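Now for the letters of each chain:
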Amino acid sequence: MKIANKLQNWVEQGLISQSQAEQILLSEKSNHSNMVWKWMYGIAGLFIGLGIILIISANWDDIPASVKLFGDFALWAGVIYAAVKNVADKKSKVSEILLVVSFLLVGATIGLIGQIFNLSGGWQSFAMTWSLLGLPYVFFSRLLSFNFCWNILFFTSFNFNFIERVLNYINQHLDGLIMAIAVLSLLSYAGKKLDESANKYTLLPKAFQCFSMFTAYVLVFSTCFWYNAGIISLMAYIVAFLFFGVRMFMAVKTQDMLSFKRNAIAVEVYIFLIFVSRFENLLLSGFGFVLAGLAVLALIYSLRKTSKYIKTMEVFHG
Amino acid sequence: MDKKFLALLFFVPFLALLAWAMWLYVQQATGQEVKVVVTGYDPRDLLSGHYIQYTIDWEKTDCNQFADGKCPEKEFCKEERWGRQCRFYIPERNAQELNRMFWRRNDTDRVFEVIYSYHKGSEPLAKQLLINGKDWRESLENK
C-alpha cells in the first residue's frame, strides 16, 4: 500500500513515531472499509434508481401529460427542499448531489414541457433557458466540474452561425488564431482575478477561467489539422509552441509544478499530433516522435546545466 | 446561509417553469382552433427522435380561418435554414409506421393536417395531428 510506504518513510525520517504510523494506518483501513460499504449502498441505489427510470420509460407514452408534469414538478420540489436543507446545514457531499440533480431536473422539465406542448425551439433556446434557470444551483456548488459543464452549456447557446464564421476565419488567417488565443487568455486572466475575490461565494469565475483556457488549448491543438501546408502551417506551429512556452514559463514563475507538468505533456502530445497529421503514417510518426522526445531530453539536459529557471524549479521540486 | 433566502433562490426556477407550463396550458385550451395542411421538409429524414418535423403547406391551407383571410405564416413555427420547421411529438413505437404512411400520402390520397391553438401575437400550439380528418391514432388502427 502507498500509504504504508509513505508512513514507513516518515518514521525512518523521524517525522512521526512508529505508534503514530500504526494509528494512522488503522484509521485509513477503517475509512477504506466504510467507503466500501458506502459504495455498495450506492451501487444498490443506482440499480434501483435506474430500474425505476426504465419502468417509467417503458410506459412513458401511456402516462397522461398531466401525470408526467405533476410527477416531474413534485420530484423537483422534493429535491429542492432537500437541497435547501443540506446547503444551509453545510453538508457538502449530499448538497452537491442534490444541486446537480436539481440542475438536471431544470433541463428535464423544459424538455418535458416542450414535448407535451409540441414546442419548436432548437438547442440554442433550450440551452440558454436551461443555463439561466439552473444558475442558482450552479452558483452554490463547489464542484469545479459542474461549474465547468455549466459554462459549456451556456456558451453552446450562442449563435452557431457566428461561431462558425469565427472558426472559418481563424482556419484561414493566422492573425485570427493569434487574436483568439490572446482574447481567450485575457478572459482566463479576468476569470482568475474575479475568482480571487469571489471564490468563497462561488466557483463560477474559476470555472470560466478554466473554460477559457481549455478553449484556447483546443484552438492551439487544432492548428495541427487546420493549416494545410507551407509557411502558414509552420507559423501556426510556432504560435502554438510559443503558447506552450509562455504557459510553462508562467508555471515556473508561480512555482506551479502541476501546471508545468500538464503543459509539458501537452507539448509532447502536440508534437505527436504534428507527425500524425503530416506523415499520415504510424511508423514514420513513431520514429519522428521518438526523435522529438530525444531532442526534448537533450534540450532539458542543456537547460538544466545553464538555465536559472530550471534551477529554480529544482529548488521548489526539492 | 439563511434557509429562507436559499429556498427563495432555489424555488425561482421551479416557479418560473410552473408558471410557463400553466400559461401554455391556458393558451392551448383557450385559443382559436385552426387546421393547417403539413408537408415534409427533408425527404431523407422526416422523423427526428420522437418528433415528427414538418413544414406547413400554406397553399393548401384555408386562410379564411384567420382574421382578414390572411394566413399568418411568420407566426407559425421556428425559422430554420430550410424554412419554417414545426414539430409534433410522436411515440417512438408509432414513428416508423407514421413515416411510411406519410411518404405514401400522394399514392393513397392521405392528407396530413395539424390542429393548432392560435392566439394572435403568441406562438401557436399544436394540439392534434389528423390524417384524412381523423386523429392519427385512429388512422393507424384502421389502416
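Computed from a predicted model, the values in this text were never measured in an experiment.

Engineer: I would appreciate a short explanation of the packing of aromatic side chains in the present structure.
Structural biologist: To describe a pair of aromatic rings, you give the distance between the ring centres and the angle between the ring planes. Residue and element names in this part refer to chain A. In this structure the tally under the stated criterion is 33 aromatic pairs over all chains. On the numbers, 6.0 Å between centres and 65° between planes, the contact of F148 with F211 is edge-to-face. Here F211 lies in helix α10 (residues 204-226) and F148 lies in helix α7 (residues 144-156), a separation of 63 residues in the sequence. Residue F148 shares its accessibility class with F211, and that shared class is buried. Feature note: the residues F148, W150, F154, F155, F158, F208, F211 and F214 constitute an aromatic cluster, connected by ring pairs.

Engineer: Please clarify how the interface of chain A and chain B should be interpreted in this entry.
Structural biologist: A common way to express how large an interface is: the accessible area buried when the components associate. Between chain A and chain B, the contact holds 33 residues from the first and 33 residues from the second. Surface buried jointly by chain A and chain B totals about 3000 Å² across both partners, of which 70% is contributed by carbon and sulfur atoms. Considering only the side of chain A, the residues that lose the most area to chain B are F117, N118 and S120 of chain A, jointly responsible for 22% of the buried surface there. At the boundary of chain A with chain B, the tally comes to 0 salt bridges. Counting the contacts that link chain A with chain B gives 3 residue pairs in polar contact (both at pLDDT 80 or more).

Engineer: Could you clarify how one ought to interpret helix α11 (residues 230-253) of chain A in this entry?
Structural biologist: Since the α-helix packs 3.6 residues into each turn, any two residues three or four apart lie on the same face. All names here are of chain A. Counted at 1.5 Å a residue, the expected span for α11 with its 24 residues is 34 Å, and the 35 Å between its end C-alpha atoms agrees. For α11, the full list of buried residues reads S233, A236, Y237, V239, A240, F243, F244, M248, A251 and V252. Directly beyond the C-terminal end of α11, a positive phi value near 55° is found at Q255.

Engineer: Please explain the packing of helix α4 (residues 92-116) of chain A against α7 of chain A as it appears in this structure.
Structural biologist: For any two helices packed against each other, one specifies the crossing angle of their axes together with the interaxial distance. Residue and element names in this part refer to chain A. Between α4 and α7, the shortest axis-to-axis distance is 12 Å and the interhelical angle comes to 15°. Between α4 and α7, the angle is such that the two are roughly parallel. Relative to α7, the crossing made by α4 is left-handed. Residues L99, V100 and F103 of α4 lie in contact with α7, whose contacting residues are F146, W150 and L153. Classifying every residue of the contact of α4 with α7 gives 6 nonpolar, no polar and no charged.

Engineer: Sorry if this is basic, but what is going on with the state of the cysteines here?
Structural biologist: As used in these notes, a disulfide is a covalent bond between sulfur atoms, one from each of two cysteines. Residues and elements named next belong to chain B. Throughout the structure, instances matching the rule amount to 1 disulfide over all chains. Across a sulfur-sulfur distance of 1.8 Å, C63 and C71 are joined as a disulfide pair. The disulfide joining C63 to C71 has a torsion of about -100° about its S-S bond and is therefore left-handed. The burial state of C63 is the same as that of C71; both residues are buried.

Engineer: Is there a simple way to think about the side chain of S222 of chain A in this case?
Structural biologist: Residue and element names in this part refer to chain A. Examined against the element boundaries, S222 turns out to sit in helix α10. Residue S222 is classed as buried on the basis of its relative accessible area, which comes to 16%. Side-chain polar atoms of S222 contact the backbone oxygen of V218, separated by 2.7 Å.

Conventions we followed
- Residues numbered from 1 in each chain as written.
- Chains lettered and ligands numbered in written order.
- Predicted model: local features only at pLDDT ≥ 70, side-chain atom pairs only at ≥ 80, totals over all residues.
- Heavy atoms only, no water.
- Phe/Tyr/Trp six-rings, centres within 6.5 Å; stacked < 30°, edge-to-face > 60°.
- Helix = DSSP H or I, 4+ residues; strand = E, 2+ residues; numbered from the N terminus.
- Buried < 20%, exposed > 50% of the residue type's maximum accessible area, 1.4 Å probe, protein only.
- Contact = heavy atoms within 4.5 Å.
- Buried area = accessible area lost by both parts, 1.4 Å probe.
- Salt bridge = Lys/Arg side-chain N within 4 Å of Asp/Glu carboxyl O.
- Polar contact = N/O pair within 3.5 Å; in protein donor to acceptor, adjacent residues only side chain to side chain.
- Expected span 1.5 Å × (residues − 1).
- Axes fitted to C-alpha atoms, helices over the stretch in contact; angles between N-to-C directions.
- Parallel < 35°, antiparallel > 145°, perpendicular 65-115°, else oblique.
- Left-handed = near helix turned anticlockwise from the far one by under 90°.
- Nonpolar A, V, L, I, M, F, W, Y, C, P; charged D, E, K, R; others polar.
- Disulfide = S-S within 2.5 Å.

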